[in-house]
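# Coordinate inspection notes
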Amino acid sequence: MGNTKASNIVRSVLSIDLNAIAANYNLLKKKVAPASCSAVLKADAYGLGVDKVAPRLWQEGCRIFFVASIDEAIKLREKLPEAEITTLNGLLTEEIQYYYVHRILPTLNDLGQIDTWATFCRQHHPMPAAVHLDTGMSRLGLSPVEQDQLVENPAKLHDFEFRYLLSHLACADCPEHPMNERQRADFLDISSRLPTTTRSLAASSGIFLGIGWHFDMVRAGICLYGGKPNDALPNPLASVIKLDGIVLQIRDVDSPATVGYGATHQFTDKSRIATVAVGYADGYLRSASKQTKAYWGETALPLVGRVSMDLITFDATKAKGLKAGDTVQLIGPHYDINDLSADAGTIPYEILTSLGHRYRRQYFGIDK
Ligand SMILES: *Cc1c(COP(=O)(O)O)cnc(C)c1O
């Protein structure tokens, strides 16, 4: 019968390099010092596995973490009992006990949430929280009108520990955009009229706008995971993931054959097609059905036809010797998440958070 261990089943392999995440964290930390560098681990550490990523960042000295929701915070608390963990999505009254029990900081996104937390703290003891100002996203945070009300009535902040003042940049990946300076000026202005606290404006791209955007703390997300901060600079960050797709079949074709659903690609010549066991169900976006590619060694293989649920097809005419059972690199040194996302018409955030669960996940740097 041979060996039937699940680990022997052939699957496409997603490799995640925790050493690269550590290197990126240390690079950012050094860049922003004396401001501190917190880590954003929402959406399962951008799809890379919070259970593995968080302990490694802790090992590197990171103590301040942000997640989106209280359930993400509770999951992280299990891994990092000593860490400071703040949710970003705001305080829902129904969830307030969880903040208390698990020692999680809420981000207070409007005056109602500030009052709710203050009331709760009066009944218990003053617990820390972040206050988020909307300076241009029109998404979460105190509106400009509420910011004025808070400035006029700072006693609203007295009954809890006002640990952080946050805001979020809308256009930080475009260094020339006038919004960056406008949001910086507004944040500086409001913060100067509120009680002193740790101020944090920049996420990953904001770090690269310059020291004026660092304030007291930055919140690093995508740059930890190898996403580049903007298009103007060469990417200073290490690439974190590799994705190797299994070739299931090689097919010789000739005109007038077509490939895939909708017969969107027609061959004009003798060609070879490599069919790979990755599809949109694995996070290889169907919208990528145009100009992405894979690499076999140094050879680029253009994607042809539409992305299917479980399969993609590459023109492997130039890959003489490629055979079923081999792997091609879908993400790697030749073609990282920034390249793939640009060709797929999206951003590295979406590539990472869409990575599926059928890959064999292989972590490097677990035991440093
Ligand atoms: C997601 C998020 C971050 C991290 O953003 P990156 O661009 O990934 O660094 C920081 N702050 C807030 C409020 C966020 O929502």
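Presented here is an overview of the structure given in this document.

The rules behind the values
Every residue gets a number counted from 1 within its own chain, in the order that chain's sequence is written. Two thresholds apply to this predicted model, a pLDDT of at least 70 for residue-level local features and 80 or more for giving and counting side-chain atom pairs, whereas whole-chain, interface and lining totals are computed over all residues. Calculation of side-chain values draws on the structure's entire complement of heavy atoms; hydrogens and water are dropped beforehand. We call a residue buried when its accessible area falls under 20% of the maximum for its residue type, exposed when it is over 50%, and partly exposed in between, using a 1.4 Å probe and counting protein chains only. A run of H or I in DSSP becomes a helix once it reaches four residues, and a run of E becomes a strand once it reaches two; helices and strands are each numbered from the N terminus. This arc is taken over the directions from the axis of the helix to the C-beta atoms. Contacts between residues were defined by any pair of non-hydrogen atoms, one from each residue, lying within 4.5 Å. This count recognises Lys and Arg as positive and Asp and Glu as negative, with His and chain-terminal groups excluded. The salt bridge definition used is simple: a Lys or Arg side-chain nitrogen within 4 Å of an Asp or Glu carboxyl oxygen. Two strands pair if DSSP finds at least two bridges between them. The axes used here are C-alpha line fits, helices contributing only the stretch in contact, and every angle between their N-to-C directions lies in the interval 0 to 180 degrees. Oblique is the label for any angle not under 35 degrees, not over 145, and not in the 65 to 115 range, which are roughly parallel, roughly antiparallel and roughly perpendicular in turn. Should the near helix be turned counterclockwise from the far one by less than a right angle, the crossing is left-handed, whereas a clockwise turn marks it as right-handed. A cutoff of 4 Å decides nearness: a residue is near a molecule or strand if any of its heavy atoms lies inside that distance of it. Think of a polar contact as two N or O atoms within 3.5 Å of one another; within protein, one of them needs to be a possible hydrogen donor and the other a possible acceptor, and neighboring residues in sequence only count if both atoms come from side chains. Surface accessibility follows the Shrake-Rupley procedure with a 1.4 Å probe radius. Residue values consider only the protein chains on display as shielding.

## Things to note about helix 3 (residues 50-59)
- Regarding helix 3, the residues found buried are Val 50, Val 53, Ala 54, Arg 56 and Leu 57. One face of helix 3 carries all of its buried residues, which in axial projection span an arc of 165°.
- Looking at the buried side of helix 3, the elements it contacts are helix 1 (18-32), strand 2 (36-40), helix 2 (42-46), strand 3 (64-67) and helix 4 (70-79).
- Just beyond helix 3, the residue with positive phi is Gly 61, at close to 105°.

## Let's talk about the side chain of Asp 244
- Locating Asp 244 in the fold gives a position in strand 10 (residues 241-253).
- Buried charge without a partner: Asp 244 forms no salt bridge, and the closest opposite charge is Lys 242, 6.1 Å away.
- Excluding its chain neighbours within four sequence positions, the residues that come into contact with Asp 244 are Ser 12, Val 13, Thr 327, Val 328 and Gln 329.

## Notes on the sheet that holds strand 7 (residues 161-166)
- Ordered by their spatial adjacency, 4 strands build an open sheet running 5-6-7-8, and the pairing between neighbours is parallel. In the strand order of this sheet, the two ends are held by strand 5 (107-108) and strand 8 (198-200), each with one partner.

## Here's the deal with the packing of helix 3 against helix 4
- Following both chains from N to C, one finds helix 3 and helix 4 inclined at 55°, their axes separated by 10 Å at the closest point. With respect to each other, helix 3 and helix 4 are oriented oblique. Judged by the twist between their axes, the crossing of helix 3 over helix 4 is right-handed. For the pair helix 3 and helix 4, the contacting residues are Val 50, Asp 51, Ala 54 and Pro 55 in the first and Lys 75, Leu 76 and Lys 79 in the second.

## Quick notes on the pairing of strand 13 (residues 271-276)
- Burial analysis of strand 13 places 5 of its 6 residues in the buried class, which makes it a mostly covered element.
- Here strand 10 runs beside strand 13; their pairing, made up of 6 bridges, is antiparallel. Within the sheet, the bridge partner assigned to Asp 252 lies in strand 13 and is Arg 272.
- Taken together, the 4 bridges between strand 13 and strand 16 (residues 312-315) define a ladder with antiparallel strand orientation. Residue pairing across strands places Thr 275 opposite Thr 313, the latter belonging to strand 16.

## Comments concerning the pattern of salt bridges
- Tallied over the entire structure, the rule returns 15 salt bridges.
- Residue Arg 163 pairs with Glu 84 through a salt bridge whose shortest N-O separation is 2.5 Å. Residue Arg 163 is located in strand 7, and its partner Glu 84 is located in strand 4 (residues 84-87); the two are separated by 79 residues in the primary sequence.
- Taking relative accessible area as the criterion, Arg 163 reaches 24% and is therefore assigned partly exposed.
- Overall, Glu 84 belongs to the buried group, its relative accessible area being 14%.
- In this structure, Asp 231 engages Lys 228 in a salt bridge whose closest nitrogen and oxygen atoms are separated by 3.1 Å.
- The class for Asp 231 is exposed, based on a relative accessible area of 67%.
- On the accessibility criterion, Lys 228 (33% relative accessible area) is partly exposed.
- Put simply, Glu 84, Glu 161 and Arg 163 are held in one network by salt bridges that share partners.

## What to know about the site of the ligand
- Around the ligand there are 13 residues in total, and Lys 42, Tyr 46, Ser 204, Ile 222 and Tyr 349 lie nearest to it.
- In the environment of the ligand, an oxygen atom lies 2.9 Å from a nitrogen or oxygen atom belonging to the backbone of Gly 221.
- Protein contact buries 90% of the 390 Å² of open area that the ligand shows by itself.
- Contributions of two or more residues to the shell around the ligand are made by helix 2 and strand 9 (217-220).

Everything listed here is a matter of coordinates, which is why it stays silent on function.
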